[in-house]
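# Descriptive structure summary
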Amino acid sequence: MFKKILIVLELTIVAATSYAPTGWYWQHPLPTGNEYKDVHFIDSNNGFAVGEAGTIIHTEDGGENWSLIEKETTFGDIYSVFFINSTTGWICGEETMLYTNDRGQT
């Protein structure tokens, strides 16, 4: 009986470790741990925040949940975000100025 328990335990350990994720993943606070420099809401639900290391995040539920906007390149710190209407906005930082006319999709 003890031998069966030992075999099941060994198989469980092997199965658990063979599917472990590789690398490091940010856990808390989500979506990043970077300091934010500015936030701007387009309306009561949609907003953007920007900050250190080119961080740009977006919310669609009034700030309850935030999503990191992935970029192809990295920027220095971003200090300001502003929208003139629901689709057109700019972000400015130490190394960049970006423009969008599709609510930050591009």
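Source: prediction; values computed, not measured.

About the criteria used
Residues numbered from 1 in each chain as written. Predicted model: local features only at pLDDT ≥ 70, side-chain atom pairs only at ≥ 80, totals over all residues. Heavy atoms only, no water. pLDDT = per-residue confidence, 0-100. Helix = DSSP H or I, 4+ residues; strand = E, 2+ residues; numbered from the N terminus. Pairing = 2+ DSSP bridges. Salt bridge = Lys/Arg side-chain N within 4 Å of Asp/Glu carboxyl O. Buried < 20%, exposed > 50% of the residue type's maximum accessible area, 1.4 Å probe, protein only. Axes fitted to C-alpha atoms, helices over the stretch in contact; angles between N-to-C directions. 1 Å grid on protein atoms, 1.4 Å probe; cavity = no way out; pocket = protein on both sides within 12 Å on 5 of 7 lines; lining within 4 Å. Points joined across faces, edges and corners; volume = space filled by probe spheres on them. Nonpolar A, V, L, I, M, F, W, Y, C, P; charged D, E, K, R; others polar. Core = buried A, V, L, I, M, F, W, Y, C linked by side-chain atoms within 4.5 Å. Contact = heavy atoms within 4.5 Å.

## Focus: the confidence of the model for the protein chain
With 75% of its residues at a pLDDT of 70 or more, the protein chain has an overall mean of 82. Mean pLDDT values over the elements of the protein chain span from 64, in helix H1 (residues 2-18), up to 95, in strand E5 (residues 78-83).

## Here's the deal with the pairing of strand E7 (residues 97-100)
Two strands pair when backbone bridges link them, and strand E6 (residues 89-93) and E7 are joined in this way by four bridges, in the antiparallel orientation. Counterpart to Gly89 in the pairing with E7 is Thr100. Between E6 and E7, which follow one another and run antiparallel, lie three residues.

## Observations concerning the pattern of salt bridges
Taken as a whole, this structure holds one salt bridge when the rule is applied. In this structure, the salt-bridge partner of Lys37 is Glu35, at a minimum N-O distance of 3.4 Å. Here Glu35 falls in the partly exposed class, since its relative accessible area comes to 45%.

## Brief notes about the sheet that holds E5
Sheet architecture is open: three strands sit in the order E5-E6-E7, paired in antiparallel fashion. Unpaired on one side and paired on the other, E5 and E7 mark the two borders of the sheet. Across the sheet, the mean angle from the axis of one strand to that of its neighbour is 10°, orientation sign disregarded. Note: E5 against E6, five bridges, orientation antiparallel.

## So, the layout of surface pockets
One number sums up the size of the largest pocket: a volume of about 330 Å³. Lining the largest pocket are 19 residues, with Ile56, Ile91, Leu98, Gly104 and Thr106 positioned closest to its centre. Those elements that place two or more of their residues in the lining of the largest pocket are E5, E6 and E7. Of the residues belonging to the lining of the largest pocket, the class tally is ten nonpolar, six polar and three charged.

## Points about the nonpolar core
One finds Ile42, Phe48, Val50, Ile56, Phe75, Ile78, Val81, Phe83 and Ile91 forming the largest nonpolar core, which totals nine residues. Counting residues per element, this core draws most heavily on E5, which supplies three residues.

## Side note on the environment of Thr87
Relative to the assigned elements, Thr87 resides in the loop between E5 and E6. Distance from Thr87 to Ile42, taken between C-alpha atoms, is 8.5 Å for residues 45 residues apart in sequence. Apart from residues no more than four positions distant in its own chain, Thr87 is found in contact with Thr100, Asn101, Asp102 and Arg103.

## Details of the pairing of strand E2 (residues 47-51)
Extensive coverage of E2 is indicated by the burial of five of its five residues. Relative to E2, strand E1 (residues 36-41) runs antiparallel, the two sharing five bridges. Bridge pairing in E2 links Tyr36 to Gly51. Hairpin connection, E1 to E2: the antiparallel pair is bridged by five residues. Pairing analysis gives four bridges linking E2 to strand E3 (residues 56-59), with the strands arranged antiparallel. Paired with Gly47 across the bridge in E3 is Thr59. Here E2 hands over to E3 after four residues, with Ala53 in that stretch at a positive phi of 55°.

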